[in-house]
Amino acid sequence: MAVKSYRLRNELIELVKPPAGKSYAITTIMVCNNSSTNSASFDLHIAGAGDPIADGQTDGNATKIINNLSLAPEETFTFDTEKIVLAEGDRVEIFAQPGGQDDPSGLAGKNMLTDLGASISYLEV
């Protein structure tokens, strides 16, 4: 079993994508709002190999399984009752907002750090 954890940004982040010849079963996805004062939201996508991810302009909206879920300060969302098997090239991606104020890159809005953290647990099948 493997676990990956991420500090979410105001951009699409690929949480996991099986490499050539591998398949992964997703066991748990957790998203935590680490702020004690600010709400934040996220979208979660599961896409087949080569499928586009939603950008508001394309048919990629079919990949969105969680749409703009708002997390109150210090709240955690757990996605663990559904089991998902990803084949080679399939992927799980997440987009969070709003952008925080502590991004060292100084970029206005895009790619800004948020108060959300995400962890994904998976195993090879």
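The structure reproduced in this document is the subject of the present report. Everything quoted here is computed from the prediction, not taken from an experiment.

## Details of the overall build of the chain
A tally of helices and strands in the chain yields zero helices and nine strands. Reading the helices (α) and strands (β) of the chain from amino to carboxyl end gives β-β-β-β-β-β-β-β-β. Sequence separation of at least 24 residues holds for 79% of the intrachain contacts in the chain that already meet a minimum separation of 6. Only carbon and sulfur atoms are counted for the fraction: they give 49% of the accessible area of the chain, which is about 6,600 Å².

## Things to note about the pattern of salt bridges
Under the definition given, this model contains three salt bridges. Residue Arg-91 is joined to Glu-93 by a salt bridge in which the shortest nitrogen-to-oxygen separation is 2.8 Å. Residue class for Arg-91 comes out buried when judged on its relative accessible area of 10%.

## Considering the sheet that holds strand E8 (residues 91–97)
Here four strands make up an open sheet; going across it, the order is E2-E8-E4-E5 and the pairing antiparallel. The outermost strands of the open sheet, each flanked by one partner alone, are strand E2 (13–16) and strand E5 (64–71). Direction aside, the axes of adjacent strands within the sheet are offset by 25° on average. Bridge count between strand E4 (residues 40–47) and E8: seven bridges; the pairing is antiparallel. Among the inter-strand pairings, Phe-42 is bridged to a residue of E8, identified as Ala-96.

Reading the values: rules and limits
Residues numbered from 1 in each chain as written. Predicted model: local features only at pLDDT ≥ 70, side-chain atom pairs only at ≥ 80, totals over all residues. Heavy atoms only, no water. Helix = DSSP H or I, 4+ residues; strand = E, 2+ residues; numbered from the N terminus. Contact = heavy atoms within 4.5 Å. Areas by Shrake-Rupley, 256 points an atom, 1.4 Å probe, with all protein chains shown as cover. Salt bridge = Lys/Arg side-chain N within 4 Å of Asp/Glu carboxyl O. Buried < 20%, exposed > 50% of the residue type's maximum accessible area, 1.4 Å probe, protein only. Pairing = 2+ DSSP bridges. Axes fitted to C-alpha atoms, helices over the stretch in contact; angles between N-to-C directions.

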